[in-house]
Amino acid sequence: MRVGMLTGGGDCPGLNAVIRGAVRKGVAAYGHEFIGFRDGWRGPLENDTIALDVDAVRGILPRGGTILGSSRTNPFAIDNGVERIKDNLAQHGVDALIAIGGEDTLGVATKLADLGVNVVGVPKTIDNDLSGTDFTFGFDTAVNIATEAIDRLHTTAESHHRVLVVEVMGRHAGWIALHSGMAGGANIILIPERPFDIDKVCAQVESRFATQYSPIIVVSEGAVPAEGGDMSLVSGEKDAFGHVRLGGIGDRLASEIERRTGKEARAVVLGHVQRGGTPTAFDRWLATRFGLHAITAVHEGDFGTMMALRGTEIARVPLSEGTDQLKTVRPDLYDEVEVLFG
Ligand code: F6P
């Protein structure tokens, strides 16, 4: 078989481990050939390919990013996008595709599978917001990076008696904020799923200062105040999938807290640092297993499926199960930690 691979959406530590796992097993166990498509769905759309064999995947396991490149190209938003993809796959003699991506990339994969393209999906996103799988790879790395930052910010916050607001990624889901905030001992965690009350946040800030400690607030980029409004939006810019570019809630929150409490407050935006660099051991393990299982699914002709972590096992679920609904933080998980705030 000739198998195409692509990585789409925001990059994420562990992508290379998936590619390596699939290629190494595909060649050694099944004698398959591979072809890489560059920059997500742009590759098959514009016929942009890269050689992908065992030599090409040597040494990439610990490397962040993706050797295939990534983009947020949406073929369904482009005239004749689907036909062009089908033609280019046929031209290269591609029998099946492994698409590694988040809600958007796998959303496209789901629709293409419905249109008869042989595709298997692998879930990736630092946001951990794909349904059907217990975890996506990349999330653990992002949480570890954010936790280390929080640990460091505690000492400088205390030296200067300041509030430090740490803005982490998570467009619609607060998983990174919740896990890193808990691991780093944040005094307040704000997530998109639970609009926050600014008066309550300020009261928690003041009670924290009353114990002679300086508060650390971890806030997801998508968090919003309870009154509603668009505090989190920096611009109206949207990507090809219609997502507004987020950011700015950290700064807005810091100035609001300073204004209301009189305490000096600073914001730190971790941004793309959370997505860069080498994956943690857990993410390498998960990504490698996803790659090994994805090529077996392809070999067995089990198309329209997505690899999923269920407990410690890798399962196959319908692609639509991963993309139909975002996996957001359950209310009880947030309630559980709220007792530690302030
Ligand atoms: O989807 C992963 C993610 O890192 C989100 O957490 C974030 O909102 C978004 O990508 C940022 O996208 P970009 O790098 O395209 O600005």
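You'll find the structure just up there.
In this text the structure is predicted, and so the values were computed from the model without any measurement.

Caption draft 1: Main features of the site of the ligand. Lining the immediate surroundings of the ligand are Arg 72, Ile 126, Asp 127, Met 169, Gly 170, Arg 171, Glu 221, His 272 and Arg 275. Separating an oxygen atom of the ligand from a side-chain N or O atom of Arg 275 is a distance of 2.9 Å. In isolation the ligand has 400 Å² of accessible area, and contact with the protein removes 82% of it. Classifying every residue of the shell around the ligand gives 2 nonpolar, 2 polar and 5 charged. Inspection of the shell around the ligand shows a minimum of three residues originating in each of domain 1 (2-137 + 279-323) and domain 2 (142-276).

Caption draft 2: Highlighting the packing of helix H1 (residues 15-30) against helix H9 (residues 281-299). Orientation of H1 relative to H9, taken along the N-to-C sense of each, is 40 degrees, at an axis distance of 7 Å. Relative to H9, the element H1 is oriented oblique. Pair H1 / H9 crosses with right-handed handedness. Listed contacts from H9 to Ala 17, Val 18, Arg 20, Gly 21, Ala 22, Lys 25, Gly 26 and Tyr 30 of H1 are Arg 284, Ala 287, Thr 288, Gly 291, Leu 292, Ile 295, Thr 296 and His 299. Taken together, the residues of the contact of H1 with H9 break down into 7 nonpolar, 6 polar and 3 charged.

Caption draft 3: Structural detail: the sheet that holds strand E5 (residues 119-123). With mixed pairing, 7 strands are arranged side by side in an open sheet as E3-E2-E1-E4-E5-E12-E13. If you trace the sheet from one side to the other, it starts and ends with strand E3 (49-52) and strand E13 (313-318), each paired once. The average angle at which neighbouring strand axes cross in this sheet is 30 degrees, direction not considered. Pairing between strand E1 (residues 2-7) and strand E4 (residues 96-101): 5 bridges, direction parallel. Among the inter-strand pairings, Leu 6 is bridged to a residue of E4, identified as Ala 99.

Caption draft 4: Structural context of unusual backbone geometry. Of note in the backbone geometry, Asn 47 takes a positive phi value of approximately 60 degrees without being a glycine. Along the chain, Asn 47 turns up in the loop between helix H2 (42-46) and E3. For Asn 47, a relative accessible area of 28% puts it in the partly exposed group. A positive phi angle, near 60 degrees, is found at Asn 80, a position not held by glycine.

Caption draft 5: How the structure looks around the nonpolar core. Counting 78 residues, the largest nonpolar core has Met 5, Ile 98, Phe 137, Leu 190 and Ile 217 as the members making the most contacts within it. Residue contributions to this core peak at 8 residues, all from helix H5 (residues 139-160). Built from parts of two domains, this core gets at least three residues from each of domain 1 (2-137 + 279-323) and domain 2 (142-276). Counting 22 residues, the second-largest nonpolar core is a separate cluster that includes Ile 35, Leu 97, Leu 112 and Ala 308.

Caption draft 6: Geometry of the side chain of Arg 42. Structurally, Arg 42 is set in helix H2. Of the polar contacts made by the side chain of Arg 42, one reaches the side chain of Asp 39; its length is 2.9 Å. Side-chain polar atoms of Arg 42 contact the side chain of Asp 48, separated by 2.6 Å. Setting aside anything within four residues of it in sequence, one finds Arg 42 in contact with Asn 47, Asp 48, Ser 71 and Thr 73.

Caption draft 7: Spatial organisation of helix H11 (residues 331-338). If you check which residues of H11 are buried, you get Leu 333, Tyr 334 and Val 337. For H11, the angular spread of the buried residues around the axis is 95 degrees, confining them to a single face. Away from its buried face by more than 90 degrees, H11 exposes Pro 331 and Glu 336. In the core, the buried residues of H11 are packed alongside helix H6 (175-183) and strand E7 (188-190).

Caption draft 8: Focus on helix H7 (residues 198-210). Relative to the 18 Å expected for 13 residues at 1.5 Å per residue, H7 spans 18 Å between its end C-alpha atoms, a close match to the ideal helical length. All buried positions along H7 are accounted for by Ile 198, Val 201, Cys 202, Gln 204, Val 205, Arg 208 and Phe 209. The buried residues of H7 occupy one face: seen down the axis, they fall within an arc of 160 degrees. Exposed and oriented more than 90 degrees from the buried face of H7 are Asp 199 and Ala 210. Residues of H7 that are buried sit in contact with strand E6 (163-168), E7, strand E8 (216-220) and helix H8 (249-261). Backbone nitrogen of Asp 199 and a side-chain oxygen of the N-cap are separated by 2.9 Å at the start of H7; the cap is Asp 197. Remark: Gln 212 follows H7 within two positions and exhibits a positive phi of approximately 70 degrees.

Calculation rules
Counting starts from 1 at the beginning of each chain's written sequence and moves along it residue by residue. Local features in a predicted model are, by the rule used here, given only for residues with pLDDT of at least 70; side-chain atom pairs are given and counted only at 80 or more, and totals for whole chains, interfaces and linings are based on all residues. Excluding hydrogens and water, the side-chain figures rest on all heavy atoms present in the structure. Put simply, a residue is near a molecule or strand once any heavy atom of it comes within 4 Å of that molecule or strand. Here a polar contact means two N or O atoms within 3.5 Å. Within protein one must be a hydrogen donor candidate and the other an acceptor candidate, and residues neighboring in sequence count only if both atoms are side-chain atoms. Note on areas: these come from Shrake-Rupley sampling with a 1.4 Å probe, and a residue is covered only by the protein chains present in the view. Ten residues, namely Ala, Val, Leu, Ile, Met, Phe, Trp, Tyr, Cys and Pro, are considered nonpolar, four, namely Asp, Glu, Lys and Arg, are considered charged, and the remaining ones, Gly among them, are considered polar. Residue ranges assigned to each domain were obtained from an automatic or database domain assignment. Here an angle of 0 to 180 degrees is reported between the N-to-C directions of two axes, which are lines fitted to C-alpha atoms, with helices fitted over the stretch in contact. Each helix is a run of H or I in the DSSP string that is no shorter than four residues. Each strand is a run of E no shorter than two, and both are numbered from the N terminus. Any angle from 65 to 115 degrees is called roughly perpendicular, while one under 35 is roughly parallel, one over 145 is roughly antiparallel, and all others are oblique. Crossings are classed by handedness, with left-handed meaning an anticlockwise turn of the near helix from the far one by less than a right angle and right-handed meaning a clockwise turn. By definition, residues are in contact when any of their heavy atoms lie within 4.5 Å. Strands were regarded as paired on the criterion that DSSP finds at least two bridges between them. Exposure categories follow from relative accessible area, calculated using a 1.4 Å probe and restricted to protein chains: below 20% of the type maximum is buried, above 50% is exposed, and the middle band is partly exposed. Nonpolar core, defined: a set of buried Ala, Val, Leu, Ile, Met, Phe, Trp, Tyr and Cys residues in which side-chain atoms within 4.5 Å join the residues together. Arc definition: it is the arc formed by the directions from the helix axis to the C-beta atoms. Multiplying 1.5 Å by the helix residue count minus one yields the expected span of that helix.

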